[in-house]
Amino acid sequence: MTERWTLLQSAWVASLILAVVTFLPAMTGAFAASYGALTEAPQDLRDCELPADISGTTLLETGCRYTRSITISASDVVLDCQGATITGMHRRGIVIRPGLKSVTVRDCRLHDTGGILIEGQTPEDDPQSREAARVGSSQGVVLEHLTITNSFMTGIFVDHYVVGAVIRNSIVADGHHVGIYLEHGSQKNTVSGNLVRNNGLFTNFGIRRIGPTRREGLSVDGSAFNLIENNVFDGNAFGGIFHYKNCWEFHTTNSQSCPRLQGSDGNVIRGNVFRNMDIGIWVASRQSRDLVMWDCGDKSPYENPVSLELMMGEREWGQSDGFQGYHFNPEQIAGFVDKRALSPRWPFPTKLHLYEDFAKDNIYEDNCFEWLETGIRIEDDGNAVTGNRFIGDFEYLYLGSPFRARFLNRPIKNTVISGNHSFSPSGRSFLENSFLAEGEHIDTVIEQQGFGNFSMPKRTTCSAGPS
């Protein structure tokens, strides 16, 4: 294993402290734009009928409640809700058809709907068809200043092979599923300046999700080369951003299910805040999870099911090690820990059905993490963690993949860890509050302070977004 540990000289330390102090107001400035719908809605709404034709610039009425779904089927459309409310339907509130040019949806409230769908096209299973689907996807779709709450389905769903959609300055909160979803084959979308909060906690029937059934704020499911910046991820049930390549789930029961052929690769995640969740970012989030319930169509490199005995040894099932010095934490890896859940809790298995997951060459920079169990968990190759801030005492970084490393003899490789800042009440450094699993990563480049904590600034929160 090749690791480069660089101890910092005193002059460098002084310059870093100055940079960190000036970094706080800079982070706040990145969130200057307001979240959600711009126009205040009156307390009393009247029932209104939608315009017969959604084309050109279409204005809805501020004081109206609309209870029918809106479908946009024409190019060069601006749908400005002017703060109006779309509500009361268990289907998509707004659907944008594929193959359109220049569509903007702004200043809308969607409550108790199926959220918004940017529809994609399903190609044949060959490279030429997949690229043609991207070329033929809607271009120039912008969703901005929306307030989407209590969604029956995903709040905003960017469908397969959609390219270049922009989701900005919106609120996606209290949804029953994932807040924002970037579907397989999609590329080069932008998710910027949004508040994604309290999603994935309950099913559509009001039942509390437990264990691995909980969902995250943003799913990057086989979606590549996206920019995700200046968002706040707060209180989502399982975590903030999960990267994975779907294992061709439900391939025997869902006729629309198809193989995922692109990893969650080459994404840039910067300037975001993660707080009040188990995991901030999980890279290759299905690398070590039990997928027995997903009916996966992918061929597994493992001889499933895989016993946990090699990892657990003589230890009692379901018992985690202490924070420091543990070698394997199966509950957290597989998603069984859920401290907020009342009984019943998800049963802890003795064997897992494993499939390989793919999320390579992503960049995580200038983000801020606080009040989490784990900041960033990395289980695939070539990812970079640079210039982030971690506030508090928790597991800042987990690097490793126990099953891939030990059963497939393929540790995580070529991770870059550099220039991250930490503020630990107990005085621990970034590396002391991180877990780099022995034997589970190779060719890791570390340019990171390896001693003591820097002086705590007066403001010890991420200072962005609402409290």
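Structural notes, computed from the coordinates. (Residues numbered from 1 in each chain as written. Predicted model: local features only at pLDDT ≥ 70, side-chain atom pairs only at ≥ 80, totals over all residues. Heavy atoms only, no water.)

For the structure shown, the criterion picks out 14 aromatic pairs. Each ring, one from Phe233 and one from Phe274, has its centre 5.2 Å from the other, and the planes form 10 degrees; the classification is stacked. Taken together, the residues span a long stretch of sequence, with Phe233 in strand 19 (residues 232-234) and Phe274 in strand 22 (residues 273-283) at a distance of 41 residues. With respect to burial, Phe233 and Phe274 carry one shared label: buried. An aromatic cluster of three or more residues is present, and its members are Phe233, Phe274, Phe369, Phe390, Phe394, Tyr396 and Phe430. In this arrangement the basic side chain of Arg286 is found over the ring face of Trp294, its NZ or CZ atom lying 4.3 Å from the centre. (Phe/Tyr/Trp six-rings, centres within 6.5 Å; stacked < 30°, edge-to-face > 60°. Helix = DSSP H or I, 4+ residues; strand = E, 2+ residues; numbered from the N terminus. Buried < 20%, exposed > 50% of the residue type's maximum accessible area, 1.4 Å probe, protein only. Lys NZ or Arg CZ within 6 Å of the ring centre and 35° of its normal.)

What follows deals with the pairing of strand 20 (residues 239-244). Burial analysis of strand 20 places six of its six residues in the buried class, which makes it a mostly covered element. Pairing analysis gives four bridges linking strand 17 (residues 218-221) to strand 20, with the strands arranged parallel. Across the sheet, residue Val220 finds its bridge partner in strand 20, namely His243. Where strand 20 lies against strand 22, four bridges are found, and the strand directions are parallel. (Pairing = 2+ DSSP bridges.)

On to the state of the cysteines, then. Taken as a whole and assessed by the stated rule, the structure comprises four disulfides. Cys48 shares a disulfide with Cys64; S-S distance 1.9 Å. Here the S-S torsion is close to -65 degrees, and the disulfide linking Cys48 with Cys64 is therefore left-handed. Remark: Cys64 occurs in strand 3 (residues 64-66) and Cys48 occurs in the loop between strand 1 (46-47) and strand 2 (57-59); sequence separation between them is 16 residues. Cys64 matches Cys48 in its accessibility class, with the two residues each being buried. Paired through a disulfide, Cys368 and Cys462 show a sulfur-sulfur distance of 2.2 Å. Its S-S torsion of about -85 degrees marks the bond between Cys368 and Cys462 as left-handed, since a negative value means left-handed. Here Cys462 lies in the segment after strand 35 (445-447) and Cys368 lies in strand 26 (residues 368-378), a separation of 94 residues in the sequence. Across this residue pair, the class does not change: Cys368 and Cys462 are buried. With its bonded cysteines labelled in order along the sequence, the chain shows the pairing 1-2, 3-4, 5-6, 7-8. (Disulfide = S-S within 2.5 Å.)

Attention now goes to the side chain of Asn267. With respect to the secondary-structure elements, Asn267 resides in the loop between strand 20 and strand 21 (268-270). Since its relative accessible area comes to 0%, Asn267 is described here as buried.

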